[in-house]
Amino acid sequence: MTSTLLNTGWEFRPKVSAFTELGGATRDWSDVTIPHDALIGTQRDPELPNGAATGYFRGGAFEYRTGLALDPDARGSFVALQFDGVYRDAAVFVNGNLAGQRAFGYSRFAVRLDPFLRFDGQDSVRVECRSHEDSRWYSGAGIHRDVHLIVKKPVHFAIDGVRVTTPDIDADRAVVEIAATVENTGATTATVSMTSELGHVDGVRSPGDRSPVTLLPGTSTVVRHRLYVDAPRLWSVEEPERYEVEVALELEGERVDMELVRFGIRSIQVDPRKGLRINGREVKLRGACIHHDNGPLGAAAIARAEERRVQLLKQAGFNAIRSSHNPASEALLEACDRLGMLVMDEAFDVWTSSKSDFDFAFDFPQWWERDLESMVARAFNHPSVIMYSIGNEIPETGSPDGGVWSRRLAEKVRSLDETRFVTNGINGFVSVLDAVVAGMRQRRDAAAQAGDAGQPAAGGGVNAMMAEVGGMMNAIAASPMVSERTAESFAALDIAGLNYGDGRYALERELFPNRIVVGTETFPGNIAHNWALVSEHSHVIGDFTWTGWDYLGEAGIGGVAYSDGTDGATPTTAKPYPWLTAWTGDIDITGRRRPISFYREVVFGLRSDPFIAVHRPQHRGKALLATPWSWSDAIDSWSWDGFEGQPLRVEVYARADQVELQLDGRPIARRAVGAELAFRADFEVEYEPGELTAVAFDKGVEIGRTSLRSAGSSTRLQVTSDRSRLSADTQDLAFVDIAITDDRGVEHRGWDRTVHVEVDGSAVLQGLASANPESEDRFTDARCRTFDGRALAIIRPTAPGPVRVTVSARGCEPVRLELSVTGGTADARDTGAPDHETAPAVLAET
């Protein structure tokens, strides 16, 4: 098989019809590298209706084109393009002929080209796509995931046609079953030989197999081999061991096709008494919901960005992610396999009932089967994937029709993959939304008649309604009405996914003793309460917070504001322009951990040192306006110029009996802190520059400490890169952290200024951003204003050679960083991943 990345050689522009061009109007084409987001560089619109949902980015129609110079000797071959994702309503034209379509923006799909090719060196491919008020979050647009060009002999393995399972595992040996679909698109009967070779990725080999197979013209068949591994090394989060199988087809002594598949040997079991077990050991899921975007890169799923996200989430204490609310990219799954991260792969956010004016609900009845087939085909050989979710907060799940659809989707998934579990993120509140809306309408009408109409949360659809009812959510989710109306939808599942339904955890065992539960989506601030429930109940296998990583769109759902009590302000989940991000992630869009991330690590029992977060003093005395997705905007800084002598509120998180706060070694106060106090203690400290230290004690013995130091008067730029050497392919990136510090490296978190980034040599500036959730800076510009003293530049290599990155800012000496780019890998699918060489962080010198 010849499968190569076709991520270069593309041109892009906003779509222009032929009739428009006849009238004289046109738009220039621009060179782009795939993966590419067509929206991320566009101007946001402050007046966009419901703009908070998309981060005030407008949609649009776009087109891409490329040329194919195929060898004339390839005439008669099977030729296809495989797209890992095009958002959305993709139409693929070959030499002007419609060759294929896909409505869903996240499905992998292949389009056969050879019926339309001329093989004259002048063949052309054009891809159209569009987005238009069709998402509740920032979707991006365009060819946002990898593209592969596939050229095969007439007898070949089907695309995604090699599947590997490990049905029988013990300490001495493991059984590896290979099921390969072989096709014959030729005009004559052919007999080929299929061979298989099995080994560990470190090179150790096991005996393979060989078998003949005969195919009539235009037919396909499945060829199975059963191989064995002695003393198998099992895949797990802690030790993500992987094997690989190479299968090949030989015709008259010539190899005509080959596939290399990497997989893991591991078992998964689940029951309400022992919970989730991987390789026989109980595992509680410390889960993070994540959206598909990569912050400053927009929707572009560049492999290194997906890999870095998994690395940082794992470093923050997570062992599982949920791909909310669409199938994960191939690059993300590959990273999870290699690094050891469990995955809940999710299919849809809507079924037949719309949540946005132009969303996928209209297309769902015609496309759902093909999209489930695509999701499973992409995920099948990835050991990181342990369950599929068929939906998220689907309103139909509270109706008989939803029960029908639940069984239909669940059984379809099981017919495609019997080795994993099926769940659904059901929100009991949303499942009975019709009754809730009717009740709220009656309440408002009664209030209006009494002369107190009140104000609902501003905008934001169901999110705003959920914020408005606040504490009512759990009461509704645990109500007999929800139990009755969702019973059939839950019965179709292997694992009951509960969104914001922790009030049901104990109830589920009482009402449905055979039901297994996972918190598919939970409020971030509830982690101490939720994790206690997860730890206590064997039938509750984990918690997935909303969210692990901040994301574009749903702007301000987790943002905070302040009121002096006289302005009548209330919390809102849909913030006005220039709000851009949700501001609800443990990790911000630049990859920086926020205080809640360290708090969660404490709750999980993974951190012994305490953590200090200081509330911003300029808001002292004002009321905090927060939503259920909010965390305080305290930060880990003890640099507050202009507030000397004023009292500051300090939070300390610690898994200990007590914590003591000290200033320059002088004890200030000691507070109790433990599970009964949710591992938090509050202090009030009069600010003076110096060193603020928190010391944790357990039974009177110090078990950890941490300190914050005040920044001095000097100012400099500190620039570090996550790697010094890059691969010259379309999948590698360098992430360059920019911080404003003093001469000792202590960050000036309040001294923000505009930074400029210039890239020379064999790379380009792919993105530049701060974590500011309401910034007006464009990610594609070469300048941005820091936020809390920090920014991030993303460098994308273009060819082998040296790269110089220059960062400058007012009042600071410019800093130059030297990187190098070497020859890259040709195909991520065949090699498993780009062979990125990670160097230690580099401190750039002036």
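The rules behind each value
Numbers given for residues are sequential positions, taken from 1 along each chain in its written order. With pLDDT at 70 or above as the cut-off, local features in this predicted model cover only qualifying residues; side-chain atom pairs require 80 or more to be listed or tallied, and sums for whole chains, interfaces and linings still use all residues. For side-chain calculations, the full set of non-hydrogen atoms in the structure is used, while hydrogens and water are omitted. Every helix listed is a DSSP run of H or I at least four residues long, and every strand listed is a run of E at least two residues long, numbered separately from the N terminus. Taken over C-alpha atoms, the radius of gyration is set against a globule rule of 2.2 Å times the number of residues to the power 0.38. Relative accessible area decides the class of each residue, using a 1.4 Å probe on protein chains only: under 20% of the type maximum gives buried, over 50% gives exposed, and in between gives partly exposed. Here, two residues are considered to be in contact whenever any of their heavy atoms come within 4.5 Å of each other. Values of accessible area rely on a 1.4 Å probe in the Shrake-Rupley scheme; residue burial ignores everything except the protein chains shown. Charged residues are defined here as Lys and Arg on the positive side and Asp and Glu on the negative side; His and the ends of the chain fall outside this count. Taken as the charge centre is NZ of Lys, CZ of Arg, CG of Asp or CD of Glu, depending on the residue. Salt bridges are defined as contacts in which a side-chain nitrogen from Lys or Arg sits within 4 Å of a carboxyl oxygen from Asp or Glu. In this description, strands pair whenever DSSP reports at least two bridges between them. Fitted lines through C-alpha atoms give the axes, limited to the stretch in contact for helices. The angle between two N-to-C directions lies from 0 to 180 degrees. Nonpolar cores were defined as sets of buried Ala, Val, Leu, Ile, Met, Phe, Trp, Tyr and Cys residues, with membership established by side-chain atoms within 4.5 Å.

**Observations regarding the overall build of the chain**
Piece 1. If you tally the helices and strands in the chain, you get 16 helices and 47 strands.
Piece 2. Over its C-alpha trace the chain gives a radius of gyration of 28 Å, about what one expects of a compact globule, namely 28 Å for 846 residues.
Piece 3. Across its three principal directions, the C-alpha atoms of the chain cover 85 × 65 × 65 Å.
Piece 4. For the chain, the proportion of its 846 residues judged to be buried stands at 59%.
Piece 5. Pairs at least 24 residues apart make up 74% of the contacts formed inside the chain by residues separated by at least 6 positions.
Piece 6. Taken as a whole, the chain presents about 31600 Å² of accessible surface, with 48% of it coming from carbon and sulfur.
Piece 7. Of the side-chain charges in the chain, 89 are positive and 121 negative, and the distance between the mean point of each set is 1 Å.

**Quick notes on the pattern of salt bridges**
Piece 1. Scanning all chains against the criterion turns up 72 salt bridges.
Piece 2. Note that E244 is salt-bridged to R262, the shortest N-O span being 3.2 Å. Of this pair, E244 sits in strand β16 (residues 243-251) while R262 sits in strand β17 (residues 254-263), placing them 18 residues apart in sequence.
Piece 3. By relative accessible area, E244 is classed as buried at 9%.
Piece 4. Through salt bridges that share partners, R242, R304, E307, E334, R338, D722 and R723 make up one connected network.

**Re the sheet that holds strand β20 (residues 281-282)**
Piece 1. On the basis of which strands lie adjacent, the open sheet formed by three strands has the order β18-β19-β20 and antiparallel pairing. Of all the strands in the sheet, just β18 (268-271) and β20 have a single pairing partner and so form its edges.
Piece 2. Judged from the four bridges that link them, β18 and strand β19 (residues 275-278) form a sheet pairing that is antiparallel. The residue bridging Q269 from the neighbouring strand is R277, located in β19.

**Describing the sheet that holds strand β10 (residues 147-152)**
The pairing of strands in a sheet comes from backbone hydrogen bonds and takes either a parallel or an antiparallel form.
Piece 1. Sheet architecture is open: four strands sit in the order β1-β10-β5-β8, paired in antiparallel fashion. Looking at strand neighbours, the two that pair on one side only are β1 (2-5) and β8 (109-112), the edges of this open sheet. Strand-to-strand twist across the sheet, computed as the mean angle between neighbouring axes with direction ignored, equals 20°.
Piece 2. Sheet topology note: the strand β5 (residues 78-83)/β10 ladder contains six bridges and is antiparallel. Counterpart to F78 in the pairing with β10 is K152.

**A few points about the pairing of strand β33 (residues 658-663)**
Piece 1. Burial analysis of β33 places five of its six residues in the buried class, the great majority of the element.
Piece 2. Where β33 and strand β34 (residues 666-672) come together, six bridges link them in antiparallel fashion. What sits directly across from L663, in β34, is R666.
Piece 3. If you look at the hairpin formed by β33 and β34, you'll find two residues sitting between the two strands, and D664 has a positive phi there, around 50°.

**Considerations on the side chain of N326**
Piece 1. Looking at the element boundaries, N326 is found in the loop between β22 (320-323) and α4 (330-339).
Piece 2. The class of N326 is buried, set by a relative accessible area of 2%.
Piece 3. Excluding its chain neighbours within four sequence positions, the residues that come into contact with N326 are Y106, W137, R145, H292, D345, E346 and A347.

**Side note on the nonpolar core**
Side chains of a nonpolar character, in soluble globular proteins, are inclined to be buried together.
Piece 1. Of all hydrophobic cores here, the largest spans 71 residues; its most connected members are L313, F348 and L409.
Piece 2. Residues within four places of L313 in sequence aside, it is in contact with A288, I290, F318, I321, M341, G548, W549 and I587.

**Details of the pairing of strand β45 (residues 801-809)**
Piece 1. In this structure, strand β41 (residues 754-761) lies alongside β45, joined through seven bridges in antiparallel fashion. The residue bridging V755 from the neighbouring strand is A809, located in β45.
Piece 2. Pairing geometry for β45 and strand β46 (residues 815-823), over seven bridges, is antiparallel. When the bridges of β46 are listed, R804 appears paired with E818.
Piece 3. Taken together, β45 and the strand that follows it, β46, pair antiparallel across an intervening segment of five residues, in which G811 is found at a positive phi of about 80°.

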